[in-house]
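# Remarks on the overall topology
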Amino acid sequence: MFIHVPDMACAESMAHALVNEQLAACVNISSPVRSVYRWQGQVETAHEIALSIKTQRQGYARLAERIRALHPYELPEIVAIHVNEGLPEYLRWVAAETLA
C-alpha cells in the first residue's frame, strides 16, 4: 500500500502505530517528494513524505480504516498494490508479523 503524509513527524508516528498494532509488517518512509495535484478546482503543490506499507490482503480493510483515523488529510491517498509473486520467505514473514 502507498500513502503520502504531510511531514516526517506524521510519517514516523503513523509508521510506528501501524507496526505496533500489527496492521503492517513494515513501513518504508521515503525522502520528501513534491506532489502536484488538483484539489477542489485548484492546482496545488506540496512537499510530502511517501510511505510504503507491507501487509496481507486480508488485512487491507482494517489497515485502511486505521490510516483514515490517523491521517490528517480530509481525503488521504490510499492505494493498494497486490503482490502476485515474491520471495516466499519474505511473504511468510509479512504474514507472521501482521494480523489477518
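Heads up: the structure comes first, above all this text.
Our subject in this report is the structure included herewith. (Residues numbered from 1 in each chain as written. Predicted model: local features only at pLDDT ≥ 70, side-chain atom pairs only at ≥ 80, totals over all residues. Heavy atoms only, no water.)

## As for the packing of aromatic side chains
- Under the defined criterion, the tally for this structure stands at 1 aromatic pair.
- Summarising the aromatic geometry, the rings of Y90 and W93 are spaced 5.5 Å apart at their centres and angled 40 degrees between planes, so their arrangement reads as tilted. With a gap of 3 residues between them, Y90 and W93 both fall in helix 3 (residues 88–97), about one helical turn apart. (Phe/Tyr/Trp six-rings, centres within 6.5 Å; stacked < 30°, edge-to-face > 60°. Helix = DSSP H or I, 4+ residues; strand = E, 2+ residues; numbered from the N terminus.)

## Overview of the pattern of salt bridges
- Throughout the structure, instances matching the rule amount to 1 salt bridge.
- Between E21 and R66 there is a salt bridge; the shortest N-O distance is 2.8 Å. Of this pair, E21 sits in the loop between helix 1 (8–20) and strand 2 (26–39) while R66 is found in helix 2 (residues 60–70), placing the two residues 45 residues apart along the sequence.
- The exposure class assigned to E21 is partly exposed, which follows from its relative accessible area of 31%. (Salt bridge = Lys/Arg side-chain N within 4 Å of Asp/Glu carboxyl O. Buried < 20%, exposed > 50% of the residue type's maximum accessible area, 1.4 Å probe, protein only.)

## Details of the side chain of H71
- Note on placement: H71 falls in the loop between helix 2 and helix 3.
- On the basis of relative accessible area, H71 is assigned to the buried category, the value being 6%.
- Every residue in contact with H71, bar those within four places of it in the chain, is listed here: I3, H4, V5, M14 and P76. (Contact = heavy atoms within 4.5 Å.)

From the geometry alone we can't say anything about function, so treat these as descriptive.
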